[in-house]
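Fold and contact review
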Amino acid sequence: MFFAGLDIGSTITKVVIKNEKKICATVIKPTGAEHRRLAHKVMEDALSKAGVPFEDVDYIIATGYGRINVPFADRQVTEITCHMRGVNWLFPAVKTIIDIGGQDSKGIKVENGKLVNFIMNDKCAAGTGRFLEIIAGVLGVKLEEIGELSLKSTRPSDISNMCTVFAEQEALLRLSEGTPVEDILAGIHKANASRIHSMVKKIKIEPEVAITGGGAKNRGLCKALEEKVGFPVVVPPEPLITGALGAALIAGEQIAKIDKEELQERQKKRRLEAVTFFDDESTKAR
Amino acid sequence: MSGAKSTGLARAAELYSVRGQRARELKQEGKKIFGYFCCYPPIEIMTALDIVPVRILGNMDEPITIADGYLPPVMCVFCRSAFDIGMKKSYDYFDGFVGAHACDGAERTALIWTNYIKTPCNFHLDIPHTAHNSAVDFFKQQIAYFQQAVEKFIGQKISPEALKDAVARHNRQRALVRDLYDLRKPDPPLISGSEMLQVLIALMCIPVEEGNVLLEEVIQEVRERPNVQAKKSRLLIWGSLIDNTAFTDLIESSGLNIVVEDTAIGTRPFWHDIEETQDPLDGIAEHYLKEVLCPRTFRDSGPSYQEDSEMRFGYLKEFAKYWKVDGVFANIIRNCDVHGYEVPVIKDYFAGLGLPVLVIEQDYSTAALETLRTRFQAFAETIG
Amino acid sequence: MEKKEFKTKKSAKTLQTAREAGYFGKKMLTSALEAQKEGRPIGWSMVTWWEGDLIAKAMGMELVYPENYGAFCAAVRRAEPYLEIADAEGYPNTLCGYARNCIGYTKTLADNNLEVPADAPGGGLAKPVLLISSGAACDARYKWFQALGRYLNGVPVWTLEMPQTGLKEFYLPGNKEKNLAFILEELKEFVGFLEKLLGNKMDYDRLEEMLAQTLKTLRLAYEVDVLRKTVPSPMVSQDFWSVMIPHLYLPEDPEAYEFYQKVYDEVKTKVDNHIGAIPNERYRMMFSELPPWHSIGFFDDIAEKFGIAMVIESWNYHAIKPMPAEELEGVTDPLEVIARLSYHKFTEDNDTARRYDASPGFFNARYLQWAEDYRADGFLAHPLMSCRPATYTLLHTKNSLEEKLKVPGVVIDGDIIDLRVFNPDEAFSKMEAFVETMDHYRELRRKAEMAW
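Predicted model, so just to flag it, every value in this text is computed and none were measured.

1. Re the overall build of chain C
Secondary structure summary: chain C contains 20 helices and eight strands in total. The C-alpha atoms of chain C give a radius of gyration of 22 Å, which matches the 22 Å a tight globule of 452 residues would have. Going through the 452 residues of chain C one by one, you find that 65% of them count as buried. Put simply, chain C shows about 16300 Å² of open surface, and 50% of that area lies on carbon and sulfur atoms.

Put into structure tokens, the structure is as follows:
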């Protein structure tokens, strides 16, 4: 039996294909606005990588920002529950998950493998990957490099403003004053970590703590967060896929709850087609 | 105009979607229409003079444009929206406008309103902040002034009998609403949160007798129809009001059934009957100041934090038990202070009852709703 | 990007007496700390415009003012950690900045077994036996104290009533007296409540004494406001924000009265000698609401660069106009005097509002009157991110000043707590442009043959 988790994030789409024993394939593809509808292509990639024909997949769960209208998914589950499940499978001792995505960040509390509480940032780029992306752009540094670069700083500069627009101005100002880029970046990471930390604090941070999502790939951010949290945090080997992995795990459980006939019925109906979006514009955009 | 007149839920849906329509028709027939802000102005006074009271609401579908020049963005978004659509002539059929010192937002908006939106009759009702005995007396006097102002405008006195009769008719409405709430007790509930909202808003746009007929129709229809609801986790909503079914639809399509809402459109105006006192104004003043449970009214503090919470929120424990609630959504319209200050307390209180609370501060805009879906779904997954 | 050089963040007060006013802030904090040492009861009070303070003080209670403490924490840049605590506690960050500061502070107090934490700014606020809320001005001022119950388990909250009648309703026959009777009734209740709480009786002689002193101080503070009508302005907002502290918080203190005598003399000397507070006064502006405490130096900058004098500001923080003699005729009960005094604060502009057809009295009427009396060229509206009630009416006031009196307004966002909202560079360029607007409107007023 095969089951799949598909996590359509705001910037990256991830697929995990599993069977009862192991992960058969994972695929991570950037999905900008124009590619978002093409999530089925990412699924195709994963299937061919796993060597599993589409018809053989028994259950598919879609999660993430784009989960709503995936025609080939059996069910949609929020990324919050999926991250929780994925992390819990990897690190059973984790109680607090900090997920830093492209457009939002979240805090998730786990107890005995169950989701007990969560919090999300409030429609603002501060505390998200987008924030770092904008600042990287302003400073002319590649997004992948800002974390490492920030770690070289000896004197993190003070960034007081967390509004993205103002922080951008502040970063520019520091630059014009001759502050080294690594110090500005260290300041930005500190500010971002502080923002995320104060949000997650609302649901009480208890060890162990895991960081997931694109932000977990940024070592500078992880270190800044770790300092704020006050104890070491764990980062999954591939922090981007915990959502898709969790979705695949839940898909595996669902199969057990459904009888064979219905499963076959579902399989027949399933179409590996383009994803539609709830907002018209993204749906129409090609 | 459709020929056959619809009834029951279909009628409620019509009244809900074209909110001023019935009032405009009645105005054509010569009735006077009064708009009022929030659930504190005593509508019984208006009913007693055959005035149709219409509750002023905002419009989540309409982007706020005009209000920007009058009410700063840090204000309660609901109030800004109400003023905005007022400036856009949504309420140009009012013969009277009744503002009230309910909360800062409602009060300031109402006071600014009369400077820019002109109505033949205006009254600003002061409401004390405490429910002390002298406050009730004072409030009664203010209601008496309100009554005099309306009498003068209409050119007719309200007899005590007429007022008692109006109280009885509105009490009847309150009882019917509670009967309807009872139909949400089964699991799944017999009526959805969106249907309920349509009915409640419909009641706030039509005369009380028409509302009572509507309620009887709806109750019968809901009792008799096959239950269309799916079984989902049962949600209590506490906090700022919700006046758009786009919001309740979103919640109910995210794995939750709304079973009771402690808001200014939900239980608050309907939960308690006005006592039929010798001087009807006594019962009216008591009811509005003591029994309409918006946190804008300060309740004297209890001897300990726990007892204070119990005194203030004990009714929510009853609600949770009665409707077999699984979780609570604390709805905060951005910049709604009176509810904002209660958030940690309400979370403590429900935690004591073993009920998780989802707190969302939102911008009172249907365009911004979809981004909330993940929170509701995840909350449903938490409590499911 | 060219970076403008701004003066120090601390403003240059133009009056010597204003520089001395800091004494009273310190006096309040130290008396509270002494009271704590002596085991006297401490109350936390909102600014109640004399409604509750005098009564509580006459009963032997020492009062501290968390609103003032908020301004203090912001000014010494210590508010932020408290805001973060309030945030983590789950209070929406859109609530009043002073409230969030106080909630954060109170949490640290509770976490420290209700002993003032050693590192608390300004010596901290000692544990209260009572919280005095006020229904006047805004909802935060009772909801905030109610919320403190989470940290001050069982400390009672008393909410003072202040009717907020509409303008037309104020003039309904008998309504004013009914309003006053209600306040009086509630004040009697308050006294009874205090007597029970503190276990002693109200000292009415002491109350009368304090009240008499208060009326004297307020009158003198008002006289200073009147002197400020002079051109060039002898005193500006930078001075007022310091000078207001004694009459707002300690009007019953004879030292406050002595202080205002000195202020009066200093301002009068300037008037007599035609000395302006700022050199080369070219534009006279009104300000509303609270200033950006941490950047008051901004006003010095615009004075220096454009000759802008802030001649008068936010009515709420000013002493009342003296009450007409008949208001107090035959009134012997000090509680009734207090009722009339506080009520006067919120209704004193009703006649003015009627004259300008600007309802209600406590919104914009005063600014309309002031624009004429103080010959204002412009109105600087400073909406506060985290003080909604201060902000609600600013746009409306700006609109009516422009419409009715051809006095233009400019809006510059800021806050009383969050240092980041007020952007001095941006504010400065706005003022640069606004100077031209004022020129334009001056011309309009001239063509309309207005008095200034």
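2. Observations regarding the overall build of chain A
Each helix and strand in chain A was counted, giving 10 helices and 10 strands. Taking 2.2 N^0.38 as the reference for a compact globule, 286 residues should give roughly 19 Å; the C-alpha atoms of chain A span a radius of gyration of 20 Å, in line with that estimate. Dimensions of chain A along its principal axes, counting C-alpha atoms only, are 70 × 45 × 30 Å. Counting only residues that meet the buried cut, chain A has 53% of its 286 residues in that class. Taking as baseline every contact in chain A between residues at least 6 positions apart, the subset at least 24 positions apart corresponds to 68%. Between the averaged position of the 40 positive side-chain charges in chain A and that of its 38 negative side-chain charges there is a distance of 2 Å.

3. Concerning the pattern of salt bridges
Residues and elements named next belong to chain A. For the structure on display, the rule yields 80 salt bridges over all chains. R174 is paired through a salt bridge with E170; the nearest N and O atoms lie 3.8 Å apart. Taken together, the positions of R174 and E170, both in helix α5 (residues 164-176) and four residues apart, correspond to about one turn of that helix. For R174, a relative accessible area of 17% corresponds to the buried category. Accessibility expressed as a relative area gives 11% for E170, which makes it buried.

4. Let's talk about a nonpolar patch on the surface
Residues and elements named next belong to chain A. A cluster of nonpolar side chains, contributed by I23, W89 and L90, occupies part of the molecular surface with about 240 Å² of accessible area. Inspection of the secondary structure assignment puts L90 in helix α2 (residues 79-90). By relative accessible area, which is 32% here, L90 ends up partly exposed.

5. Looking at the nonpolar core
Judged by nonpolar contacts, the single largest core of 320 residues is most densely connected at W44 and M431 of chain C. A per-element tally of this core places helix α6 (residues 133-154) of chain B first, with 10 residues. If we skip the residues at most four places from it in the chain, M431 of chain C touches M285, F298, I302, F306, I308, L380, V410 and I412 of chain C. Grouped together as the second largest cluster of nonpolar side chains are 32 residues, F131, L132, I196 and I203 of chain A included.

6. As for the domain arrangement of chain A
Residues and elements named next belong to chain A. Here chain A is partitioned into domain 1 (2-82 + 241-284) and domain 2 (93-234). Centre-to-centre separation of domain 1 and domain 2, based on C-alpha positions: 29 Å. At the junction of the two partners, domain 1 supplies six residues and domain 2 supplies eight residues. Buried surface at the junction of domain 1 and domain 2, both sides included, amounts to about 600 Å², of which 70% is carbon and sulfur. Taken together, the connections running from domain 1 to domain 2 amount to one salt bridge. Where domain 1 packs against domain 2, one counts zero residue pairs in polar contact (both at pLDDT 80 or more). Top element by residues in the side of domain 1 that touches domain 2 is α2. It accounts for three residues. Along the lines of polarity and charge, the residues of the side of domain 1 that touches domain 2 split into one nonpolar, four polar and one charged.

7. Remarks on the packing of helix α7 (residues 160-182) of chain B against helix α9 (residues 208-224) of chain B
All names here are of chain B. At a minimum axis separation of 10 Å, α7 and α9 run at an interaxial angle of 20°. If you check the angle between α7 and α9, you find them roughly parallel. Read as a crossing pair, α7 and α9 show a hand that is left-handed. Where α7 abuts α9, its residues R169, H170, R172, Q173, L176, V177, D179 and L180 lie against V208, E209, G211, N212, L215, E216, V218 and I219. Looking at the contact of α7 with α9 residue by residue, the classes come out as seven nonpolar, four polar and five charged.

8. Structural notes on the sheet that holds strand β5 (residues 233-239) of chain B
Residue and element names in this part refer to chain B. Strand order across the open sheet formed by four strands is β6-β5-β7-β8, with parallel pairing between neighbours. Two strands in the sheet have a free side with no partner beyond their single neighbour: β6 (256-262) and β8 (357-362). Strand-to-strand twist across the sheet, computed as the mean angle between neighbouring axes with direction ignored, equals 25°. As judged from the six bridges shared by strand β7 (residues 327-333) and β8, these two strands associate in the parallel manner. Paired with A330 across the bridge in β8 is V359. With respect to the sheet, helix α12 (residues 305-322) is in contact with β5 and β6, its orientation differing from that of β5 by roughly 160°.

9. Digging into the sheet that holds strand β2 (residues 51-56) of chain B
Residues and elements named next belong to chain B. With respect to topology, four strands assemble into an open sheet ordered β2-β1-β3-β4, the strand pairing being parallel. The open sheet has two edge strands with one neighbour each: β2 and β4 (121-125). Pairwise comparison of adjacent strand axes, ignoring direction, gives a mean angle of 20° for this sheet. Two strands pair when backbone bridges link them, and strand β3 (residues 96-100) and β4 are joined in this way by five bridges, in the parallel orientation. Looking across to β4, one finds that G96 is bridged to C121. Relative to β4, α6 is tilted by about 180°, and along the sheet it contacts β1 (32-37), β2, β3 and β4.

10. A few points about the interface of chain B and chain C
It is common to report an interface's size as the accessible area lost on association of the parts. Residue-level contacts link 53 residues of chain B with 58 residues of chain C. When the buried area of chain B at its contact with chain C is split by residue, Y145, F298 and Y341 of chain B rank highest and sum to 16% of it. Summed over the shared surface of chain B and chain C, the number is 31 residue pairs in polar contact (both at pLDDT 80 or more). For the side of chain B that touches chain C, the secondary-structure elements that each account for two or more residues are α5 (104-116), β4, α6, α12, α13 (337-340) and α14 (343-352) of chain B. Looking at the side of chain B that touches chain C element by element, the count peaks at eight residues for α5 of chain B.

11. Notes on the pairing of strand β4 (residues 157-160) of chain C
Residues in a regular strand point their side chains to alternate faces of the sheet. All names here are of chain C. Covered by surrounding structure in β4 are V157 and T159 together with W158 and L160, the residues of both alternating faces. Taken together, the four bridges between strand β3 (residues 130-134) and β4 define a ladder with parallel strand orientation. Considered in β4, the bridge of I132 is made with W158. Between the parallel elements β3 and β4, the chain passes through helix α7 (residues 140-147) in a crossover that is right-handed.

12. A look at α7 of chain C
Burial analysis of α7 of chain C places eight of its eight residues in the buried class, which makes it a mostly covered element. A140, R141, Y142, K143, W144, F145, Q146 and A147 of chain C are the residues of α7 of chain C that are buried.

Cut-offs applied
Residues numbered from 1 in each chain as written. Chains lettered and ligands numbered in written order. Predicted model: local features only at pLDDT ≥ 70, side-chain atom pairs only at ≥ 80, totals over all residues. Heavy atoms only, no water. Helix = DSSP H or I, 4+ residues; strand = E, 2+ residues; numbered from the N terminus. Rg over C-alpha atoms; globule rule 2.2 N^0.38 Å. Buried < 20%, exposed > 50% of the residue type's maximum accessible area, 1.4 Å probe, protein only. Areas by Shrake-Rupley, 256 points an atom, 1.4 Å probe, with all protein chains shown as cover. Contact = heavy atoms within 4.5 Å. Lys, Arg positive; Asp, Glu negative; His and termini not counted. Charge placed at Lys NZ, Arg CZ, Asp CG, Glu CD. Salt bridge = Lys/Arg side-chain N within 4 Å of Asp/Glu carboxyl O. Patch = residues over 30% accessible without salt bridge, like charges linked within 9 Å, V, L, I, M, F, W, Y side chains within 5 Å. Core = buried A, V, L, I, M, F, W, Y, C linked by side-chain atoms within 4.5 Å. Domains from an automatic or database assignment. Buried area = accessible area lost by both parts, 1.4 Å probe. Polar contact = N/O pair within 3.5 Å; in protein donor to acceptor, adjacent residues only side chain to side chain. Nonpolar A, V, L, I, M, F, W, Y, C, P; charged D, E, K, R; others polar. Axes fitted to C-alpha atoms, helices over the stretch in contact; angles between N-to-C directions. Parallel < 35°, antiparallel > 145°, perpendicular 65-115°, else oblique. Left-handed = near helix turned anticlockwise from the far one by under 90°. Pairing = 2+ DSSP bridges. Right-handed = clockwise from strand over helix to strand, strands pointing away.

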